[in-house]
Amino acid sequence: MAHHRNLTSAHEGERECVEAAKHLAHTVKETLGYPRPDGNFPMLKRSDGRSGYVGLRIGKLEARSESDAGMAFDGQYWHYLDKWLFANSRLALYLEDKSMVGEVMMDAKEILEKFLSVNNNGTPQGLHWKLNTDMSPIVSLGRPRPSSDAVSAYVVYNVIEQTAKKLGYTKHSLEKEIEALRQVALQYSHAQLQIPNPLLVDPLGWGLNMWELQWLGPLEDKEHVKHRFCSFKDRAMDVSQAGGLPFRLYGAVLGGLLSEDKPTFKMAKSIVNDIESKLNTDSNADQGAISKVHGLFSINRVMFCSTIDPWAFSRQPHEELLDFFVSPIESKS
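What counts as what
- Counting of residues starts from 1 at the beginning of each chain's written sequence and follows it residue by residue.
- Thresholds applied to this predicted model are a pLDDT of at least 70 for local features of residues and 80 or more for the giving and counting of side-chain atom pairs; totals over whole chains, interfaces and linings are not thresholded and use all residues.
- Values shown for side chains rest on all heavy atoms present in the structure; no hydrogens or waters enter the calculation.
- Only runs of H or I of at least four residues qualify as helices and only runs of E of at least two qualify as strands under DSSP, and these elements are numbered from the N terminus.
- Summary of the burial criterion: residues with accessible area below 20% of their type's maximum are buried, those above 50% are exposed, and those between are partly exposed, where the area comes from a 1.4 Å probe applied to protein chains only.
- The working definition used for a salt bridge is a side-chain nitrogen of Lys or Arg within 4 Å of a carboxyl oxygen of Asp or Glu.
- A 3.5 Å cut-off defines polar contacts: any pair of N or O atoms within that distance qualifies, except that in protein one atom must be a possible hydrogen donor and the other a possible acceptor, and neighbouring residues in sequence count only when both atoms are side-chain atoms.

A. Summary view of unusual backbone geometry. A cis amide bond links G217 to the next residue, P218, at an omega of 5°. Tracing the backbone through its elements, the reader meets P218 in the loop between β5 (216–217) and α7 (219–230). Even without glycine at this site, M135 takes up a positive phi of about 75°. Turning to its location among the elements, M135 is positioned in the loop between β4 (130–131) and α4 (148–167). For M135, a relative accessible area of 4% puts it in the buried group.

Take a look at the structure:
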């Protein structure tokens, strides 16, 4: 979906893509949004009067009532859920669907209520990166601390709020949730975002940071932080740094395309063009041995398609720059 346009004037191919996107969103919710078929591991029912359940399962083959502190067993990941909320808000924006963004808002409220950890005084402390499928905490993980999850969550919840305003949806607001996320994000962000370690540049993580930076302000501070990150573009978008996992490289390339920095964009675009050319002659040109063994063909393709057309990941004209690089937390009234 290259540009936001009225569907009545869309090309037939674009119309098919829109229908596929709607079908995908529905299928994800109807499968991962419901308990496992064996019925052994329940999910939490929605409490706002809607039918269905809160969140999405990861979809792991293995499961148990108390999930693990790693990635072996089923549960719910925050970093999957916030991207799912973001994707649905973008679909609502493209379709100009007020009721859809309302559903996203209600989902966002119920999900954060379970993932946000607060102290005895009610002050936000962090986000659980993983919960059990029924939204209960995983005991072995302990209490969460401020992390990068809060930064992306702060961006996503602001995007949802501004999408709702754009579409004229006023029944619900995420202002309370946004402020809670802002507090947690600020506790984490300053040292982590402004002083990246060149020896620890992870391609996918670098791309995620570049995606987030589109919304983080004030502008002068944003440009300073972006300049630091762009100085690591050669390492982040180095094929050898992807560890045999193409989707991680594509995450960095996507970040480069969103960087609003000409040299970084040019480098990212060159990689996209090169891979696209190779795929036209060999459909498996980007599939390393590791990817084949672990069945990562689909995620590689999805991530590469995102680099061909990054519209959905781009900050839209109506989306304001967030007052983020400020200190202390109390400076916001």
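What follows continues from the structure just given.
B. Up close: the pattern of salt bridges. Under the criterion given, the structure shown has 18 salt bridges. In this structure, the salt-bridge partner of R50 is E103, at a minimum N-O distance of 2.8 Å. Remark: E103 occurs in helix α3 (residues 98–115) and R50 occurs in the loop between α1 (12–32) and β1 (76–77); sequence separation between them is 53 residues. Among the salt bridges present, the one from D74 reaches R57, with a minimum N-O distance of 3.1 Å. Taken together, the residues D74 in the loop between α1 and β1 and R57 in the loop between α1 and β1 connect sequence positions 17 residues apart.

C. Representation of the side chain of N300 in the model. Secondary-structure assignment places N300 in helix α12 (residues 297–308). Reaching out from N300, the side chain makes a polar contact with the backbone nitrogen of F247 at a distance of 3.0 Å.

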